[in-house]
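# Fold and geometry: a report
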Amino acid sequence: MTVIHDRPSNPAAGDEDRPIGYGRIQRKEDPRFVRGQGHYLDDIVLPGMLHSAILRAPVAHARLVSIDTTNALAHPKVVAVITGKDLLGLKLAWAPTLSADVQAVLVTDKVRFQGQEVAFVVAEDRYAARDALELIDVEYDVLPPLVDARKALDPDAPVIRDEIEGRTDNRIFDWEIGDKAETDAVFASADVVVSQEVVYPRVHPAPLETCGAVADFDAVNGKLTLYETTQAPHAHRTLFAIVAGIPEHKIRIVSPDIGGGFGNKVGIYPGYILAVVGSIVSGRPVKWVEDRSENLMSTSFARDYIMQGDIAATKDGKILALRTHVLADHGAFNATAQPTKNPAGFFSIFTGSYDLKAAYCSVTGVYTNKAPGGVAYACSFRVTEAVYLVERMVDVLARKLNMDPAELRLKNFIKPEQFPYANKTGWVYDSGNYEAAMRLSMQLAGYEDLRREQAEKRERGELMGIGVAFFTEVVGAGPRKHFDIVGLGMADGAELRVHPTGKAVVRISVQSQGQGHETTFAQIVAEELGIPPEDIEVVHGDTDQTPFGLGTYGSRSTPVSGGAVALVARKVREKAKLIAGAMLETRPEDLEWEKGRWFVKGDPSVGKTIAEIAMGAHGTVALPEGVDGNLDAEVTYDPPNLTFPFGAYICVVDVDPGTGQVKVRRFVAVDDCGTRINPMIIEGQVHGGLTDGVGMALMEIIEFDEAGNCLAGSFMDYLIPTAMEVPDWETGFTVTPSPHHPIGAKGIGESATVGSPPAIVNAVVDALAPFGVTHMDMPCTPARVWAAMQGRARPPI
Amino acid sequence: MQIPAPFDYVRATSVDNALELLARYGPESRVVAGGHSLLPMMKLRLSRPEWLIDINDLYELDFILRDGNKLRVGALTRHTTLLESDEVAALFPIVRDAELVIADPVVRNRGTIGGSLCQADPAEDLSTVCDVLAAEAVIRGPRGERILSMSEFHRGPYETAVGQDELLCELRFGIRPRTGSAYEKVERRVGDWAVGAAGAAVTLAADGTVDDAAVGLTALGLDHLVADAAAVLRGRRPDEELFAQAGRLAAAACDPVADQRGPVDYKRHLADELTQRVLRRACARAAQMQEG
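The notes below deal with the structure included here. As the structure is a prediction and not an experimental result, all values here were calculated from the model.

## Observations regarding the overall build of chain B
When you go through chain B residue by residue, the secondary structure sums to 12 helices and 11 strands. Relative to a compact globule of 292 residues, whose C-alpha radius of gyration would be 19 Å, chain B shows 19 Å and is just as compact. Reported as C-alpha extents along the three principal axes, the dimensions of chain B are approximately 55 × 45 × 30 Å. Looking at chain B as shown, the accessible area adds up to about 12000 Å², and 50% of this sits on carbon and sulfur atoms.

Below, the structure is given as structure tokens:
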């Protein structure tokens, strides 16, 4: 009889310092980034490549009278100048958006926002292309602009989309969800009702790498290779096939290293299409890279929601119902990237983390003379706005009831035993233990001590604020039956090949913009197969190299592709079992798995590692009937539900009473993203998201003047936070695995961006309580905070 | 990448050479030192010089020298050098106060005091610092050298007395005993332009009363010193009431414009608040110097 100590040690189990599977390991992609060896879009140089530049409209609203390109074409280095009229001939002047609208690739009739694409110059070098823009003579007939969404539906408002037949106003949609009658009834009988307008101003994802493309159309074999800064290469391939009429198998999209996406790189911008047109026209590769101002002024913005909120409660603090009407500014074209049938995306999760009797929301979307988009920006399709609304409303209620905001939240959370929890707007939350996260956050912050310190400081006239926010995220779309982008169901593929020597390549459909996919997905395979992560190559970003899938946004990589990778690894493991059985001349059912190895039940010294099995699979072992000679597998994972990460955030601010300057002194973030694959990467994601939150809460806004000029066209005007504005983040976690996800993971990419703005604003408003302030809108700049202290808080839009 | 309009570039080898080049290339030439104001404006094509005359090799203009009762600072002295100079901090603590809040280390490593003054951005900090310290500007040109007071040097936003064919070479600061100075700025974010800022220098008499004082404002629509404030302070013993009085005068003297950084009322409030703060600190420093 075999005794246990005969069993060989299991190196595949790894240890805490060098985990083979989940754990804290350094990112595999970092050596190239820290050495400056990343390969970004603008690093791509192809033989004979031309360069390009886009002429953009200087005004927000104007009829296009004429374009004269004669002088530009006379420039010795200019190869081509393309205008809207040229595109009309190619049937490419208008392209479909991700929200069933169309967007002008180049202006044909009318300019609809400042910075809109008017003409495209292709030249021998980038300098000549830029210089030639000044040689194009455009005549505009300037029209009155509409930049105030509140005036968009006025009878005398200029109609922006007058090219659509029969359109006489700027209304894009009216949409509602929840039971209005039931909600109104709860409100009518509630002890306490509080109302507050809550504005989430227009902000920009502002990735440090701007958008760009290199198009290489091979006229001989008809193949288009398009290098793009895209978060969704496969979806782009299909869209290009549909829009440009190039057969899909003749399109290869390559997304190289991406310098930040945040949702900015989901959509298809006119520049991408123009680069393709330029390459087809010139017969040479064409590079287009936008500059900072172009990125800020013309690419996908985020938010721009004016939310009227009502909250109903009993007098002892039981929240009963929430009601909201939203005025949503979508800009000149409805180009929101979101995968639902609902034009407000996932906004219907505005019921938050609370067990409500009723909820209702209605959203009106309008056109304005502003850049189109309304894409993620780390918002999971409008969850950011939803969480901000509910978390502000709960704080407004706490003040009205004179209750501690943490206590009010604790009193109203959905209880662990209520999961799976169906909320009033149709979501089924998978799992949660909200109270545990809230209590941990309060413990890490020293909540009671902070309140005592605050009371002492108030005595001395010092302004200290403590902000509490709790969020429930909804991420990881599909399931495909409910979620799609232009008809493409939201599922993702994974392919895994284990080479004869036991090294593996996993190919995935999602594309990293800095999230650490090459590490995280290797760790998932490592956990499932017991191969060290460094022996697993993760291939992504090239549609000729990877299986189909919808891409990285809405925190969906781990919930969807993470599931796909776990399942494909399990498929390989099961196949390895069959091959091991053949190698060991044992029935597979007599084999047992330990990390990295199949062994004979009852005789653990007899077994085969994954590497041995891989060699066996490719070797001369007689394989069982129906088993191919490889150790490869592929899957497409269609998630049965979304996942619902959550977190409890506490922020401490100090406000200078003389100047209104806000200093974020402390920030405690407790996150629950289910199973944690690489805690270091999770913390990095949280740190980044929290920093984003500081930006939005304190400084970021895209403003327009009355003439329609965008006032945020550079980093001199559009402020993003630096290390100087953020504290040392204090993070903590709880683990509540997703019950339906193959490894219980929920996604973390956007949690902190969603959860931090309400925590910070709640802290600022709390600091200003001695002045009677119950609400102020972002951004909490010194001037706006000071105005609130004077009783003159105003919405920013 | 933002691309400026086409231009030519030449590197000066000496002050004389720089002056020759300025004369040769005329009104469409610009001197570049640190370049952190000029180059962004060129990239946005708001500024379109035909020639850039690079003076970064003019090491003769990069110095901090004590010369009797004057401190002489070369126009090509980098912000970082000023920030790190203990001698400057001891004599004129306002300089370190200001340098700490000028942009970020990357900009401070390149940007120069001469460039800052000649750019004359209304939100530029060192102009106020030089005003309250009553600095002198040493300018050279084809007609030789001239020395101007700050009130002669400033000509309003983006304009100075330095002629197209001239070069600002040096700033001179008078060293006075029992003098303290301070600077404070409010910005929306580190590295942003000032919403508003104030600087003050105070010289105390032996009896502890104010012998001389200067208050200046940045980005608040006042090109010169707050003259009334100095008049009120002189001969008085510094206390909170006096600071408050000076603050009110600064608020009345300023003429800010509303922009994304804030409305007029807030900026006017800052003139008041920050004036009080810098006076409080400058007086404390002056008293400390007196004791020391």
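## Looking at the state of the cysteines
Overall, the coordinates contain zero disulfides over all chains when judged by the stated rule. No disulfide involves Cys 130 of chain B; its sulfur sits 11 Å from the nearest other cysteine sulfur, which is in Cys 118 of chain B.

## A closer look at the interface of chain A and chain B
Each partner contributes to the interface: chain A provides 29 residues, whereas chain B provides 28 residues. Interface of chain A and chain B: buried area, both sides summed, is about 2500 Å²; carbon and sulfur atoms make up 55% of it. Interface area lost by chain A to chain B is led by Met 716, Leu 719 and Trp 786 of chain A, which between them contribute 21%. Inspection of the region where chain A meets chain B yields five salt bridges. For Asp 131 of chain A, the salt bridge is made with Arg 45 of chain B, and the minimal N-O distance between the two is 2.7 Å. Inspection of the region where chain A meets chain B yields 13 residue pairs in polar contact (both at pLDDT 80 or more). Where the side of chain A that touches chain B is concerned, the elements lending two or more residues are α4 (126-133), α8 (292-298) and α18 (782-789) of chain A.

## Describing unusual backbone geometry
For the peptide bond that leads from Ala 477 of chain A to Gly 478 of chain A, omega is 15 degrees, which places it in the cis range. Mapped onto the secondary structure, Gly 478 of chain A falls in the loop between β20 (463-472) and β21 (484-485). Geometrically, the link from Gly 478 of chain A to Pro 479 of chain A is a cis peptide bond, its omega value of 25 degrees lying close to zero. When you line up the elements, Pro 479 of chain A lands in the loop between β20 and β21. For Arg 45 of chain B, which is not glycine, the phi dihedral falls at a positive 60 degrees. If you trace the backbone, Arg 45 of chain B turns up in the loop between α2 (38-43) and β3 (51-54). Classification of Arg 45 of chain B by relative accessible area gives buried; the value is 8%.

## Focus: the environment of Ala 332 of chain A
Residue and element names in this part refer to chain A. Secondary-structure assignment places Ala 332 in the loop between β16 (319-329) and β17 (358-366). Judged by its relative accessible area of 0%, Ala 332 falls in the buried class. Ala 332 sits 135 residues away from Glu 197 along the chain, and the two C-alpha atoms are 24 Å apart.

## A closer look at the pattern of salt bridges
All names here are of chain A. Per the stated rule, a full pass over the model turns up 87 salt bridges over all chains. Notably, a salt bridge pairs Arg 323 with Asp 184, separated by 2.9 Å at the nearest N-O pair. In this pair, Arg 323 is assigned in strand β16 and Asp 184 in helix α5 (residues 180-189), connecting sequence segments 139 residues apart. Its relative accessible area of 25% is what places Asp 184 among the partly exposed residues. Two residues, Lys 746 and Asp 430, come together in a salt bridge whose shortest N-O distance is 3.4 Å. In this pair, Lys 746 is assigned in the loop between β32 (730-733) and α17 (751-767) and Asp 430 in the loop between β19 (428-429) and α11 (434-445), connecting sequence segments 316 residues apart. Here the two residues Lys 746 and Asp 430 agree in accessibility, since each one is buried. A single network of salt bridges, built from pairs that share partners, joins Arg 63, Asp 101, Asp 109, Lys 110, Arg 112, Arg 161, Asp 162 and Glu 163.

## Some thoughts on the sheet that holds strand β5 (residues 70-74) of chain B
All names here are of chain B. Taken together, five strands build an open sheet; the order of strands is β4-β5-β8-β6-β7 and the sheet is antiparallel. A strand with exactly one partner marks an edge of an open sheet, and here the two such strands are β4 (64-67) and β7 (144-149). Across the sheet, the axes of successive neighbouring strands diverge by a mean angle of 25 degrees, strand direction being ignored. Pairing between strand β6 (residues 136-141) and strand β8 (residues 167-174): five bridges, direction antiparallel. Bridge pairing in β8 places Arg 140 opposite Leu 167.

## Here's the deal with α17 of chain A
Between its first and last C-alpha, α17 of chain A extends 25 Å over 17 residues, near the 24 Å set by a 1.5 Å rise per residue. For α17 of chain A, a buried count of 17 out of 17 residues is recorded, marking the element as mostly surrounded by other parts of the structure.

## Comments concerning the nonpolar core
Residues and elements named next belong to chain A. If you look at the biggest cluster of nonpolar residues, it comprises 145 residues, and the most contacted ones within it are Phe 347, Val 363, Met 438 and Leu 768. With 12 residues, helix α9 (residues 383-401) is the largest single contributor of residues to this core. Not counting chain neighbours up to four residues away, the residues in contact with Met 438 comprise Ala 406, Leu 410, Phe 413, Val 468, Phe 470, Ala 648 and Ile 650. Counting 43 residues, the second largest nonpolar core, distinct from the first, contains Ala 580, Ile 610, Leu 631 and Val 635.

## Focus on the environment of Val 45 of chain A
Following the sequence through the fold, Val 45 of chain A ends up in the loop between α1 (30-34) and β1 (50-56). Along the backbone, Val 45 of chain A and Val 214 of chain A are 169 residues apart, and their C-alpha atoms lie at a distance of 8.7 Å.

## Some remarks on the sheet that holds strand β2 (residues 29-32) of chain B
Residues and elements named next belong to chain B. Reading across from one edge, β1-β3-β2 is the order of the three strands in this open sheet, with parallel pairing throughout. The open sheet has two free edges, formed respectively by β1 (8-11) and β2, since each of these has just one partner strand. In this sheet, adjacent strand axes meet at a mean angle of 25 degrees when their direction is disregarded. Alignment of β2 against β3, held across four bridges, turns out to be parallel. Its bridge partner being in β3, Val 32 is matched across the sheet by Asp 54.

## Quick look at the side chain of Glu 166 of chain B
Residue and element names in this part refer to chain B. For Glu 166, the location among the structural elements is in the loop between α9 (150-153) and β8. Engagement of the side chain of Glu 166 in a polar contact is seen with the side chain of Arg 146, the distance being 2.7 Å. A polar contact is formed between the side chain of Glu 166 and the backbone nitrogen of Gly 163, at a distance of 2.7 Å. Beyond its immediate chain neighbours, meaning those up to four positions away, Glu 166 contacts Leu 19, Leu 22, Ile 139, Arg 140, Gly 141, Arg 143, Arg 146 and Ala 161.

## Some points on the packing of aromatic side chains
All names here are of chain A. Within this structure, the stated rule accounts for 27 aromatic pairs over all chains. A centroid spacing of 4.5 Å and a plane angle of 50 degrees characterise the contact between Phe 413 and Phe 470, whose relative ring orientation is tilted. Here Phe 413, found in the loop between α10 (405-412) and β18 (421-422), pairs with Phe 470, found in strand β20; they are 57 residues apart in sequence, far enough to count as distant. For Phe 413, a relative accessible area of 3% gives the class buried. Residue placement shows Arg 323 over the ring face of Phe 187; its charged tip is 3.9 Å from the ring centre.

Here is what the cut-offs are and how they apply
Residues numbered from 1 in each chain as written. Chains lettered and ligands numbered in written order. Predicted model: local features only at pLDDT ≥ 70, side-chain atom pairs only at ≥ 80, totals over all residues. Heavy atoms only, no water. Helix = DSSP H or I, 4+ residues; strand = E, 2+ residues; numbered from the N terminus. Rg over C-alpha atoms; globule rule 2.2 N^0.38 Å. Areas by Shrake-Rupley, 256 points an atom, 1.4 Å probe, with all protein chains shown as cover. Disulfide = S-S within 2.5 Å. Contact = heavy atoms within 4.5 Å. Buried area = accessible area lost by both parts, 1.4 Å probe. Salt bridge = Lys/Arg side-chain N within 4 Å of Asp/Glu carboxyl O. Polar contact = N/O pair within 3.5 Å; in protein donor to acceptor, adjacent residues only side chain to side chain. Buried < 20%, exposed > 50% of the residue type's maximum accessible area, 1.4 Å probe, protein only. Pairing = 2+ DSSP bridges. Axes fitted to C-alpha atoms, helices over the stretch in contact; angles between N-to-C directions. Expected span 1.5 Å × (residues − 1). Core = buried A, V, L, I, M, F, W, Y, C linked by side-chain atoms within 4.5 Å. Phe/Tyr/Trp six-rings, centres within 6.5 Å; stacked < 30°, edge-to-face > 60°. Lys NZ or Arg CZ within 6 Å of the ring centre and 35° of its normal.

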